[in-house]
Amino acid sequence: MRLLIVEDERRLATSLARGLAAEGFAVDVAHDGVSGLDRAVECDYDLILLDIMLPGMHGYRVCAELRALGDDTPILMLTAKDGEYDEAEGLDTGADDYLTKPFSYVVLLARIRALLRRRTRGGAPAIVLGDLTVDPAARRVLRGGTEVELTAKEFAVLEQLAVNAGRVVSKAQIIEHVWDLAYEGDPNIVEVYVSALRRKLDAPFGRRSIGTVRGVGYRLAADGGAGRDGRG
């Protein structure tokens with residue numbers, strides 16, 4: 001899942017981005033309201049962390065502009081201001097939740113997960129592909145009823161393949177959704193994670209679910225690899 005942090009306190013923004021990346025999220029950062037709004041409009045995010053006191057355009061206006069455009073991405077407002085009227089104004093402009101600085105990172109992470117669960121509640125709670133089940137809300141993977149332990153990044157790569165099951169997903173697409181826009185490392189890092197997924201999801205169960213389409217990308221079999229060679 002991909003998050004946007006709009007926060008002008010650079011040390012805080014960097015700290016949050018690192019922590020959330022370690023949880024398996026792809027994270028982009030903007031340091032003012034105008035660039036934050038531009039990023040939010042241009043890219044598809046699963047959640048936005050939005051500070052209120054921003055240069056260029058305050059968070060209330062950014063939130064209001066997004067809602068006026070029909071963008072229903074969950075917004076968690078962050079602010080040093082503390083008061084029921086400030087909270088009410090944030091919620092009235094369309095924010096989904098509100099957190100006052102200084103805050104506990106554990107609480108922030110819990111709020112983020114709660115908002116993401118709330119967003120997916122109206123749809124399918126899990127992606128079922130044959131005997132492979134990928135549950136983004138619970139961050140669980142089951143193969144034939146057996147839970148498979150994945151790292152945060154492994155899960156994020158699998159999730160991107162699962163939501164596009166049966167279709168080819170390029171390395172660039174995976175990096176965009178699992179890492180971030182600023183990633184400048186070796187794109188072959190994707191191969192490392194795909195290999196890890198094959199070792200954990202396929203080899204122990206006699207499956208070959210993740211196919212390589214040479215020169216293009218990877219494809220997760222729409223049936224989870226049940227009864228066929230998914231390597232391609």
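If you're wondering where the values come from, they're calculated on a predicted model, not measured in any experiment.

(A) View of the UniProt feature "modified residue: 4-aspartylphosphate" (unreviewed entry) in the chain. UniProt's entry tags Asp51 with the feature "modified residue: 4-aspartylphosphate" (unreviewed entry), counted in the numbering of this structure. Assignment of secondary structure puts Asp51 in strand β3 (residues 47-51).

(B) Layout of the sheet that holds strand β12 (residues 217-220). Read across the open sheet, the three strands follow the order β10-β12-β11; overall the sheet is antiparallel. The sheet is open, and its two borders are formed by β10 (168-170) and β11 (210-213), each paired with just one other strand. Neighbouring strand axes in the sheet, compared pairwise and without regard to direction, differ in orientation by 35 degrees on average. Sheet topology places β10 next to β12; three bridges connect them, and they run antiparallel.

(C) Seen up close, the environment of Ile5. Its location among the elements puts Ile5 in strand β1 (residues 2-6). With relative accessibility at 0%, the residue Ile5 sits in the buried group. Sequence-distant contacts of Ile5, defined by excluding residues within four places in its chain, comprise Ala13, Leu16, Ala17, Leu20, Val27, Asp28, Val29, Ala30 and Leu49.

(D) Molecular detail of the pattern of salt bridges. What the rule picks out here adds up to 14 salt bridges. Between Lys171 and Glu191 there is a salt bridge, and its shortest N-O distance comes to 2.7 Å. Here the residue Lys171 occupies a position in helix α7 (residues 171-178), and Glu191 occupies one in helix α8 (residues 189-202), the gap between them amounting to 20 residues. The exposure class assigned to Lys171 is partly exposed, which follows from its relative accessible area of 21%.

Scoring rules and cut-offs
- The numbers attached to residues start from 1 for each chain and follow its sequence in the written order.
- The predicted origin of the model limits local features to residues at a pLDDT of at least 70 and limits the giving and counting of side-chain atom pairs to 80 or more, whereas totals for whole chains, interfaces and linings rest on all residues.
- Heavy atoms throughout the structure, all of them, feed into the side-chain values; hydrogens and water do not.
- UniProt positions are given in the numbering used here, feature names are shortened, and annotations may be inferred rather than shown by experiment.
- Only runs of H or I of at least four residues qualify as helices and only runs of E of at least two qualify as strands under DSSP, and these elements are numbered from the N terminus.
- By the convention used here, strands pair only if DSSP detects at least 2 bridges between them.
- Inter-axis angles, ranging from 0 to 180 degrees, are taken between N-to-C directions of lines fitted to C-alpha atoms, where helices are fitted over the stretch in contact.
- Partly exposed describes any residue whose relative accessible area lies between the buried limit of under 20% and the exposed limit of over 50%, with all areas from a 1.4 Å probe on protein chains only and scaled to the type maximum.
- Working rule for contacts: check all heavy atoms of both residues, and any pair within 4.5 Å makes them a contact.
- For salt bridges, the criterion is a side-chain nitrogen of Lys or Arg within 4 Å of an Asp or Glu carboxyl oxygen.

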